[in-house]
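The chain contents come next:
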Amino acid sequence: MADHIPSTSSIEALSVRQFDYIVVGGGIGGLVVARRLSDDATKTVLLIEAGANRTGDARIDTPGFLGTLYGDPNYDWDYISEPQKHVNGRQIPQPRGKVLGGSSAINFSAILYPYRRDFDSWSELGNKGWTADDLAPYLRKFHTYSAPSSETAALLSLDYMDPKSQGADGPLPVTFPDIYGPLNQSWQKTFDVLGWQSNSDDPIKGEKHGAFACPLSIDPKTRARAYATAYYSSDVARRPNLQLLTETHVEKVLLKKGSDGSISATDVQVLTKEGEHHQISARREVILSAGSINTPQILELSGIGQEEILNKHGIPVVISNPRVGENLQDHCLAAVSFEIADGQASGDLLRDPNLLQSAIKSYQESQSGPLCGMPLSIAYLPLVDRNGIVSKDVAEKLVQEHLHTPADHPGIKRQYEVQRQTFVDAKSSTAEYLFLPAQLRMQQGKTTMGELLAPALPGNYISILILNNHPFSRGSVHIRSADPLAKPVFDPNYLSQPIDLEVLARHTQYLEQIVQTAPFSTLLKSPSSRIPEEAAAGFEDLELAKKVVKDRLFTCFHPAGTCAMLPKELGGVVNDRLVVHGTKNLRVVDASVFPLEPTGNIQATVFAVAEKAADLIKEDNKN
Ligand SMILES: Cc1cc2nc3c(=O)[nH]c(=O)nc-3n(C[C@H](O)[C@H](O)[C@H](O)COP(=O)(O)OP(=O)(O)OC[C@H]3O[C@@H](n4cnc5c(N)ncnc54)[C@H](O)[C@@H]3O)c2cc1C
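Nothing here was measured: the structure is a model prediction, and the numbers come from that model. (Residues numbered from 1 in each chain as written. Predicted model: local features only at pLDDT ≥ 70, side-chain atom pairs only at ≥ 80, totals over all residues. Heavy atoms only, no water.)

Quick notes on the packing of helix α3 (residues 116–124) against helix α12 (residues 410–423)
Any two packed helices are characterised by the angle at which their axes cross and by the distance between the axes. Following both chains from N to C, one finds α3 and α12 inclined at 155°, their axes separated by 10 Å at the closest point. In terms of axis orientation, α3 runs roughly antiparallel to α12. Seen from above, α3 lies across α12 with right-handed handedness. Of α12, the residues touching α3 (which contributes Arg-117, Ser-121 and Glu-124) are Arg-414, Val-418, Gln-421 and Thr-422. Classifying every residue of the contact of α3 with α12 by side-chain character gives 1 nonpolar, 3 polar and 3 charged. (Axes fitted to C-alpha atoms, helices over the stretch in contact; angles between N-to-C directions. Helix = DSSP H or I, 4+ residues; strand = E, 2+ residues; numbered from the N terminus. Parallel < 35°, antiparallel > 145°, perpendicular 65-115°, else oblique. Left-handed = near helix turned anticlockwise from the far one by under 90°. Contact = heavy atoms within 4.5 Å. Nonpolar A, V, L, I, M, F, W, Y, C, P; charged D, E, K, R; others polar.)

Below is the structure:
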């Protein structure tokens with residue numbers, strides 16, 4: 001561990017036991033908020049993280065080592081879904097970072113931006129101050145963009161990246177490392193041939209269509225992973241008004257009823273790594289940033305949630321709210337792998353120990369080579385099928401036939417009204433296509449991350465993942481027991497709305513056009529062996545596409561929405577200032593507050609939401 005980052009894992013080392021703000025969870029939400037609140041030297045801040053401070057750990061810092069982190073309890077909470085009823089009973093893992101930096105310490109580093117429309121939808125649901133224009137400055141505030149080398153810019157045709165539109169002085173470094181090759185180059189060209197000439201907009205403007213490349217959160221100089229700990233630079237860590245307590249599990253928030261009936265958060269109860277319970281007091285606010293799975297767990301353990309669940313586990317109900325832990329949305333994906341032509345490179349090559357050793361040497365000695373990051377390519381497309389774009393009428397008919405709106409839930413009904421408008425709009429995107437340079441293997445039953453990523457077949461493959469950008473299915477996460485260390489019941493309920501399967505299957509059909517079109521097709525083996533094998537027949541048959549979607553359904557690791565920001569009557573858990581309904585000073589700042597899943601990979605949105613949240617908290621605590 002680098003010694004310039006002060007933190008403590010011993011509660012005895014804290015100089016005091018009372019702080020203005022206590023922030024729970026040192027992931028994206030928590031680190032952003034802790035840093036910004038401690039800008040004010042007159043306010044004291046305590047950040048508590050269950051995992052360790054592993055700043056400087058080569059396994060985290062080396063982008064290409066990410067596969068070694070999953071399932072290791074020193075880095076990963078290692079969650080797995082309940083058997084998925086609509087996905088052949090399969091269980092799909094959901095890794096979450098258990099370390100300072102949270103899931104940003106174990107993620108794929110892709111920086112994508114949602115559509116403007118996605119934020120406007122949040123606002124349409126009754127959240128004042130959350131339009132695209134409101135969020136635009138925060139999408140720039142969190143990062144500093146460094147332009148790539150001229151070779152990489154030319155290879156990826158990055159003319160659309162406009163440095164003036166990008167963040168110029170935020171903590172997180174973002175760039176395009178020199179890791180891309182002919183497959184990335186041909187991706188863009190192939191989508192152009194298919195008629196998806198993308199506009200010249202920078203993706204950060206929120207209106208990008210067709211194919212593009214996304215920058216990565218990688219330090220442009222050291223080529224090390226850049227993640228939320230960038231907010232905890234050594235000068236910030238030395239602030240006398242900010243303390244970081246690691247390897248300390250927050251069990252619950254202690255809530256007090258005032259004489260006027262209002263509920264305030266007064267303390268948090270923690271469990272130290274030595275197994276001791278302690279309480280630490282908050283003078284102003286407690287901010288939960290434990291992520292979409294652990295934040296609702298902490299709320300329930302504190303007595304805020306569905307009465308039946310709390311009663312079942314013997315937890316006294318302080319605030320009854322049936323929507324805590326509900327409204328879970330995730331970007332589930334369909335994935336097909338294709339064997340590449342001889343002479344082309346993919347990550348599968350690194351199964352050869354000699355090549356791996358030489359990649360490690362290049363990374364360590366000259367910060368170059370395949371371990372510098374994952375060369376991803378992206379496309380945002382509206383609804384398509386095997387023939388190309390689907391008309392608005394057909395899209396409307398599909399949603400009418402395959403979306404079941406619960407009659408007794410005004411909040412979900414309102415969400416679906418907003419989502420349906422996005423769904424049929426050809427200027428929105430129902431799916432993100434993500435090119436990933438490696439084979440992926442999904443199992444029947446349980447699939448672990450190790451099984452997913454280990455190249456099982458001898459050839460070299462790439463995969464194309466299709467993320468359902470705006471899922472209609474809703475799942476849940478709830479406590480399994482009153483034991484704070486017990487993993488919650490995580491049930492994303494994938495494909496429970498049949499429309500989600502219809503969407504993914506149609507996009508899977510369209511894959512055939514992509515892989516049969518030059519120049520991309522020329523870089524694949526012909527005929528190209530595919531995973532799964534039955535995909536070799538192509539996807540003319542919609543039923544086969546549906547089968548492949550179910551057999552290979554996976555997650556892109558973006559659970560959100562479990563403490564949704566919505567008016568109470570629409571099923572909200574927090575209001576539009578991110579304060580938990582029914583409390584005076586308990587807030588949530590992490591991906592769980594998203595009322596609707598936005599387009600694309602979500603870390604940029606989490607950073608932006610947390611930056612805005614910090615301003616809201618400061619504004620509400622001016623005195
Ligand atoms: C494998 C993987 C790949 C991904 N790839 C990408 C990508 O390429 N691009 C992208 O945009 N997004 C990606 N994501 C998603 C992105 O990283 C997350 O959406 C984001 O980190 C969520 O931020 P958060 O603040 O909500 O939660 P987190 O970052 O998960 O932070 C929560 C923190 O709270 C801590 N915590 C939890 N419970 C407690 C407790 N009881 N007491 C104390 N501390 C607690 C956790 O240890 C953690 O540090 C990926 C995620 C994963 C897991």
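So, next bit.
Concerning the confidence of the model for the chain
The predicted coordinates should not be examined in detail at positions where pLDDT is low. Overall, the prediction assigns the chain a mean pLDDT of 96, with 99% of residues at 70 or greater. With a pTM of 0.98, the predicted complex shows an ipTM of 1.00. (pLDDT = per-residue confidence, 0-100.)

With respect to the packing of aromatic side chains
Counted under the stated rule, the structure contains 20 aromatic pairs. Considering the side-chain rings of Phe-142 and Phe-607, the 5.0 Å spacing of their centres and the 5° angle between planes classify their relative orientation as stacked. Remark: Phe-607 occurs in helix α16 (residues 603–620) and Phe-142 occurs in the loop between α4 (132–141) and β5 (143–145); sequence separation between them is 465 residues. With a centroid separation of 5.9 Å and 20° between ring planes, the pair formed by Tyr-231 and Phe-607 is classed as stacked. (Phe/Tyr/Trp six-rings, centres within 6.5 Å; stacked < 30°, edge-to-face > 60°.)

Overview of the environment of Asn-621
Its location among the elements puts Asn-621 in the segment after α16. For the pair Asn-621 and Arg-239, spaced 382 residues apart in sequence, the C-alpha separation works out to 20 Å. In contact with Asn-621, other than residues within four places in its own chain, are Tyr-21, Lys-43, Arg-284, Glu-285 and Arg-587.

What to know about the site of the ligand
Around the ligand, the structure places 39 residues, and the nearest of them are Glu-49, Ser-103, Ala-110, Val-250 and Gln-603. Contact distances for the ligand include 3.2 Å between an oxygen atom and a backbone N or O atom of Ile-602. In isolation the ligand offers 1,000 Å² of accessible surface; the protein chains occlude 99% of this area. Elements with a contribution of two residues or more to the shell around the ligand: α1 (28–37), β9 (249–257), α8 (291–301) and α16. Ranked by residue count, the leading element in the shell around the ligand is α8, at 3 residues. Residue classes in the shell around the ligand are distributed as 17 nonpolar, 18 polar and 4 charged. (Near = heavy atom within 4 Å. Polar contact = N/O pair within 3.5 Å; in protein donor to acceptor, adjacent residues only side chain to side chain. Areas by Shrake-Rupley, 256 points an atom, 1.4 Å probe, with all protein chains shown as cover.)

Some points on the layout of surface pockets
When its volume is computed, the largest pocket comes out at roughly 1,200 Å³. Sorting the residues of the lining of the largest pocket by element identifies α6 (182–193), α10 (353–366), β18 (431–436) and α13 (449–453) as the ones contributing at least two each. At 5 residues, the largest contribution of residues to the lining of the largest pocket is made by α10. For the lining of the largest pocket, a count of residues per class yields 27 nonpolar, 15 polar and 3 charged. Residue lining of the second largest pocket: 24 residues in total, with Ala-50, Trp-77, Lys-98, His-249 and Leu-485 positioned closest to the centre. (1 Å grid on protein atoms, 1.4 Å probe; cavity = no way out; pocket = protein on both sides within 12 Å on 5 of 7 lines; lining within 4 Å. Points joined across faces, edges and corners; volume = space filled by probe spheres on them.)

Overview of empty space enclosed by the protein
Tallied over the entire structure, the rule returns 4 cavities of 30 Å³ or more. Within this model, the second largest cavity holds a volume of roughly 90 Å³. Among the elements of the structure, α3 and α12 are those that each provide at least two residues to the lining of the second largest cavity. Residue classes in the lining of the second largest cavity are distributed as 5 nonpolar, 6 polar and 2 charged.

Re α3
Asp-118, Phe-119, Ser-121 and Trp-122 are the residues of α3 that are buried. What you see down the axis of α3 is that its buried residues fit within an arc of 150°, all on one side. Of the surrounding elements, those touching the buried residues of α3 are α4, α12 and α16. Of the residues one or two after α3, Gly-126 is the one with positive phi, at around 105°. (Buried < 20%, exposed > 50% of the residue type's maximum accessible area, 1.4 Å probe, protein only. Arc of directions from axis to C-beta.)

Comments concerning the UniProt feature "binding site: FAD" (unreviewed entry) in the chain
The UniProt entry lists Val-99 and Val-250 under the feature "binding site: FAD" (unreviewed entry), expressed in the numbering used here. Across 152 residues, the annotated set stays spatially compact, with a maximum C-alpha separation of 13.9 Å. By the secondary structure assignment, Val-99 is in the loop between β4 (93–94) and α3. Relative accessible area serves as the criterion here: at 0%, Val-99 is assigned to the buried category. (UniProt positions renumbered as here; feature names shortened; annotations may be inferred.)

Focus on the side chain of His-402
By secondary structure assignment, the location of His-402 is in helix α11 (residues 392–402). Apart from residues lying up to four places away in sequence, His-402 is in contact with Gln-497, Pro-498, Ile-499 and Glu-502.

A look at unusual backbone geometry
With the exception of glycine, the majority of residues adopt a negative phi angle, and the majority of peptide bonds are in the trans configuration. Cis rather than trans, the peptide bond between Ala-518 and Pro-519 has omega equal to 10°. Relative to the assigned elements, Pro-519 resides in the loop between α14 (498–515) and β22 (530–531). Cis geometry is adopted by the peptide bond preceding Pro-527, which originates at Ser-526 and carries an omega value of -5°. Examined against the element boundaries, Pro-527 turns out to sit in the loop between α14 and β22. Although it is not a glycine, Glu-247 adopts a positive phi angle of roughly 50°. Position of Glu-247 relative to the elements: it lies in the loop between β8 (242–245) and β9. Overall, Glu-247 belongs to the partly exposed group, its relative accessible area being 29%. Notably, Leu-495 is not glycine yet its phi reads approximately 60°, a positive angle. Inspection of the secondary structure puts Leu-495 in the loop between β21 (489–491) and α14.

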